[in-house]
Amino acid sequence: MADKLAIGIDIGGTKIAAGVVDEDGHILARLRRETPTTDPLEVIEAISSITEEFRRDHHIAALGVGAAGFVDASQSTVLFAPHLAWRNEPLRDSVARRTGLPVMVDNDANASGWAEWRFGAAQGEADLVLITLGTGIGGAIVIDGQPYRGQFGIAGEFGHMQVVPNGRQCECGNTGCWEQYASGRVLMRRARAAAEEGTELGLKMLAEAGGIDRIEGSLVTQQAKAGDVEAIEWIAEVGDWLGVGIANLAAALDPGMFVIGGGVSDAGDLLIGPARAAFSRTLTGRGYRAEARIVRAHLGPEAGLIGAADMARLTARRRRPANPGARARVRAAAKSSRSPRRRK
Ligand SMILES: [Zn+2]
């Protein structure tokens, strides 16, 4: 049992979700904290107190962190996290020093993609692309059963592919980015505008939320599931843009499966049906090629922490000699190779 448990920590813009995860991807214990967004030291402090608490009841072999930001290719440094005020934060080494555990840091979407491949919707697939539709769009690529991070660690930032020249302004500074057409933010904007205009659907959502700036995209999903035709249409439109972007990704990467996760995927077939239709309509070489499957993620919002824990556990195991005998031999060899130098 000794090497089989790892802690997974998912650091989002507003909360830290943490769990003790076993080698089958099951979560044995959970903790949640608010994210202290201003100071990286406070986040490290929170991680270390969570770790201490878990260690009271569990023997932990490794710790994995999934963070909403750009993580360098050596999985040690958060280069940039728009919601966390982190710039070039050497998170891995700081957390390793505080906890004494082997630590791995990755982008939260990469961690989710890994979890879906190991334990979720994409088990048995060689190549997959994960697309998470939350406020924006996150993504991850697994090729030949390995996470693909790119030369600089930034692969999978699909949300900022330009799909409309001179299109809607994006928070990243460019215009026409995919996430300005296919994300929860789109639904939220439409819902708030409808509430301001006083349309029937808008007023329904306003009553539910109790204030225009409290209306979130999830309310649209709720209304659509309850059968509101306009809400269904809005989600279908997002699905349509989703399918167009997926066809572009298929042209570039040609995976066997696209896994759709994130809060907007709660809409299920109301979203994925139109996405499949737009994908088939837009795909290059359609009719003369096999088409990738588009499926909903299985693991829900805990995919990130499950994947981070699993990657950390596997990485720690790879770095250690396979058995204690081998470890002793390595130590003996190191000692004998050092001793002649020492005698000089
Ligand atoms: Zn953008």
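Residues numbered from 1 in each chain as written. Predicted model: local features only at pLDDT ≥ 70, side-chain atom pairs only at ≥ 80, totals over all residues.

1. Examining the overall build of the protein
When helices and strands are tallied, the protein shows ten helices and 13 strands. What you see for the protein is a C-alpha radius of gyration of 22 Å, in line with the 20 Å of a compact globule of 344 residues. Its C-alpha atoms put the protein at 85 × 50 × 35 Å along the principal axes. Here the protein, with 344 residues, has 45% of them falling under the buried criterion. (Helix = DSSP H or I, 4+ residues; strand = E, 2+ residues; numbered from the N terminus. Rg over C-alpha atoms; globule rule 2.2 N^0.38 Å. Buried ≥ 20, exposed ≤ 12 C-beta atoms within 10 Å, placed from the backbone.)

2. Observations concerning helix α2 (residues 91-99)
Working note: α-helix, 3.6 residues per turn, so residues spaced by three or four point in the same direction. Buried residues of α2: L91, R92, V95 and T99, and no others. Viewed along the axis of α2, the buried residues span an arc of 95 degrees, placing them on a single side of the element. Opposite the packed face of α2, turned more than 90 degrees from it, sit the exposed residues D93 and R97. (Arc of directions from axis to C-beta.)

3. A look at the environment of D144
Along the polypeptide, D144 turns up in the loop between β10 (137-143) and β11 (146-148). Along the chain, D144 and D127 lie 17 residues apart, while their C-alpha atoms are 5.6 Å from each other. Residues in contact with D144, not counting those within four places in the same chain, are A126 and D127. (Contact = placed C-beta atoms within 7 Å.)

4. Considerations on unusual backbone geometry
The phi torsion at N166 lies on the positive side, around 55 degrees, for a residue other than glycine. With respect to the helices and strands, N166 occurs in the loop between β11 and α4 (184-197). One non-glycine residue, D254, lies in the positive phi region at around 50 degrees. Structurally, the position occupied by D254 is in the loop between α7 (229-253) and β12 (257-261).

5. Regarding the pairing of β10
Most of β10 sits out of view: six of its seven residues are buried. For strand β9 (residues 128-133) and β10, the ladder comprises six bridges, and the chain directions are antiparallel. For T132, the partnering residue across the bridge sits in β10 and is G138. Bridge count for β10 against β11 is three bridges, and the pairing is antiparallel. Paired with I141 across the strands is Y148, a residue of β11. Counting the residues in the hairpin turn of β10 and β11 gives two residues, including D144, whose phi is positive at 50 degrees. (Pairing = 2+ DSSP bridges.)

6. Here's the deal with the nonpolar core
Judged by nonpolar contacts, the single largest core of 97 residues is most densely connected at A6, I9, V65 and V238. Composition of this core by domain shows at least three residues from each of domain 1 (6-113 + 301-326) and domain 2 (124-297). Not counting residues up to four positions away in its chain, the partners in contact with A6 are V21, I60, A61, A62, L63, G64, A309, D310, A312 and R313. (Core = buried A, V, L, I, M, F, W, Y, C linked by C-beta atoms within 7 Å. Domains from an automatic or database assignment.)

7. Observations regarding the packing of α4 against helix α5 (residues 200-209)
Axis angle and axis distance: for two packed helices, these are the angle between their axes and the distance between the axes, and together they describe the pair. Close contact between α4 and α5 brings their axes to 7 Å; oriented N to C, the two are set at 105 degrees. Looking at the two axes, α4 sits roughly perpendicular to α5. Counting all contacts with α4, which are made through A191, A194, A195 and E197, the residues of α5 involved are L201, G202, L203, M205 and L206. Broken down by class, the residue content of the contact of α4 with α5 amounts to seven nonpolar, one polar and one charged. (Axes fitted to C-alpha atoms, helices over the stretch in contact; angles between N-to-C directions. Parallel < 35°, antiparallel > 145°, perpendicular 65-115°, else oblique. Nonpolar A, V, L, I, M, F, W, Y, C, P; charged D, E, K, R; others polar.)

8. As for the sheet that holds strand β6 (residues 78-81)
Read across the open sheet, the three strands follow the order β5-β6-β7; overall the sheet is antiparallel. Two strands bound the open sheet, and with one partner strand each, they are β5 (70-71) and β7 (86-89). Where β6 meets β7, three bridges bridge the pair, whose relative direction is antiparallel. Of the residues in β7, the one forming a bridge with A81 is W86.

9. Concerning the domain arrangement of the protein
Along its sequence, the protein is organised into domain 1 (6-113 + 301-326) and domain 2 (124-297). Per element, the largest residue contribution to the side of domain 1 that touches domain 2 is five residues, and it comes from helix α3 (residues 108-119). Classifying every residue of the side of domain 1 that touches domain 2 gives five nonpolar, three polar and two charged.

10. Quick word on α5
Within α5, the full set of buried residues consists of L201, G202, K204, M205 and L206. Looking at the buried positions of α5, the neighbouring elements they touch are α4, α6 (217-225) and α7. Looking at the residues trailing α5, positive phi occurs at G210, about 80 degrees.

11. As for the sheet that holds strand β8 (residues 103-107)
Read across the open sheet, the five strands follow the order β3-β2-β1-β4-β8; overall the sheet is mixed. Of all the strands in the sheet, just β3 (27-34) and β8 have a single pairing partner and so form its edges. Averaged over all pairs of adjacent strands, the angle between strand axes in this sheet comes to 15 degrees, irrespective of strand direction. In this sheet, β3 lies alongside strand β2 (residues 15-21) in antiparallel orientation, the contact comprising seven bridges. Among the inter-strand pairings, I16 is bridged to a residue of β3, identified as R33. Packing against the sheet, helix α9 (residues 303-319) makes contact with β1 (6-11), β2, β3, β4 (62-67) and β8, and its axis sits at approximately 135 degrees to β1.

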